[in-house]
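# A structural walkthrough
Spelled out, the chains give:
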Amino acid sequence: MGSEENLQQRLEKNRQRLYDLQAKYGLEHIYVLRQSMVLDELINQYNRIYYAKLKKPIA
C-alpha cells in the first residue's frame, strides 16, 4: 500500500506543479506541456494499479 500512497502524493505534487506552471507561463509553453506529459504518465501508472486490483479475485 505504501507505493500506492507514494504515487498519490506524487500525483498531487505534479498536478500542483502543472497548475503553477500554467499560471506563470500559459497553456502552450513547453514547460507546461512537459509537465502535462509527466502528469499523464503518473495517471497512467495509477490507472494500471487500480484496474489490476479490480481484476484480482476477492476470495
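Residues numbered from 1 in each chain as written. Predicted model: local features only at pLDDT ≥ 70, side-chain atom pairs only at ≥ 80, totals over all residues. Heavy atoms only, no water.

The final tally for this structure, using the stated rule, is 3 salt bridges. Residues K53 and E4 are paired through a salt bridge, measuring 2.4 Å at the closest nitrogen-oxygen approach. In this pair, K53 is assigned in helix α2 (residues 30-55) and E4 in helix α1 (residues 2-25), connecting sequence segments 49 residues apart. Put simply, R15 and E12 hold a salt bridge, and the shortest N to O gap is 2.6 Å. Taken together, the positions of R15 and E12, both in helix α1 and 3 residues apart, correspond to about one turn of that helix. Given a relative accessible area of 47%, E12 falls into the partly exposed group. (Salt bridge = Lys/Arg side-chain N within 4 Å of Asp/Glu carboxyl O. Helix = DSSP H or I, 4+ residues; strand = E, 2+ residues; numbered from the N terminus. Buried < 20%, exposed > 50% of the residue type's maximum accessible area, 1.4 Å probe, protein only.)

Turning to the nonpolar core, a few remarks are in order. The biggest cluster of nonpolar side chains holds 7 residues, and these are L7, L11, L18, L21, V32, L39 and L42. Looking at this core, the elements that each hand over two or more residues are α1 and α2. Element by element, the count of residues in this core is highest for α1, at 4 residues. Excluding its chain neighbours within four sequence positions, the residues that come into contact with L11 are L39, L42, I43 and Y46. (Core = buried A, V, L, I, M, F, W, Y, C linked by side-chain atoms within 4.5 Å. Contact = heavy atoms within 4.5 Å.)

Right, let's talk about the packing of α1 against α2 for a bit. It is the contact of α1 with α2, at a shortest axis distance of 9 Å, that shows an interaxial angle of 155 degrees. The orientation of α1 with respect to α2, classified from their angle, is roughly antiparallel. In this structure, the crossing between α1 and α2 has a hand that is left-handed. Residue-level contacts link E4, L7, Q8, R10, L11, N14, R15, R17, L18, L21, Q22 and Y25 of α1 to Y31, V32, Q35, S36, V38, L39, L42, I43, Q45, Y46, I49 and K53 of α2. Grouping the amino acids of the contact of α1 with α2 by side-chain chemistry returns 13 nonpolar, 6 polar and 5 charged. (Axes fitted to C-alpha atoms, helices over the stretch in contact; angles between N-to-C directions. Parallel < 35°, antiparallel > 145°, perpendicular 65-115°, else oblique. Left-handed = near helix turned anticlockwise from the far one by under 90°. Nonpolar A, V, L, I, M, F, W, Y, C, P; charged D, E, K, R; others polar.)

Moving on, we get to a nonpolar patch on the surface. Residues Y25, I30, Y31 and L33 make up a contiguous nonpolar surface patch of about 360 Å² in total accessible area. Of the residues forming the nonpolar patch, the biggest block, 3 residues, is contributed by α2. Mapped onto the secondary structure, Y31 falls in helix α2. (Patch = residues over 30% accessible without salt bridge, like charges linked within 9 Å, V, L, I, M, F, W, Y side chains within 5 Å. Areas by Shrake-Rupley, 256 points an atom, 1.4 Å probe, with all protein chains shown as cover.)

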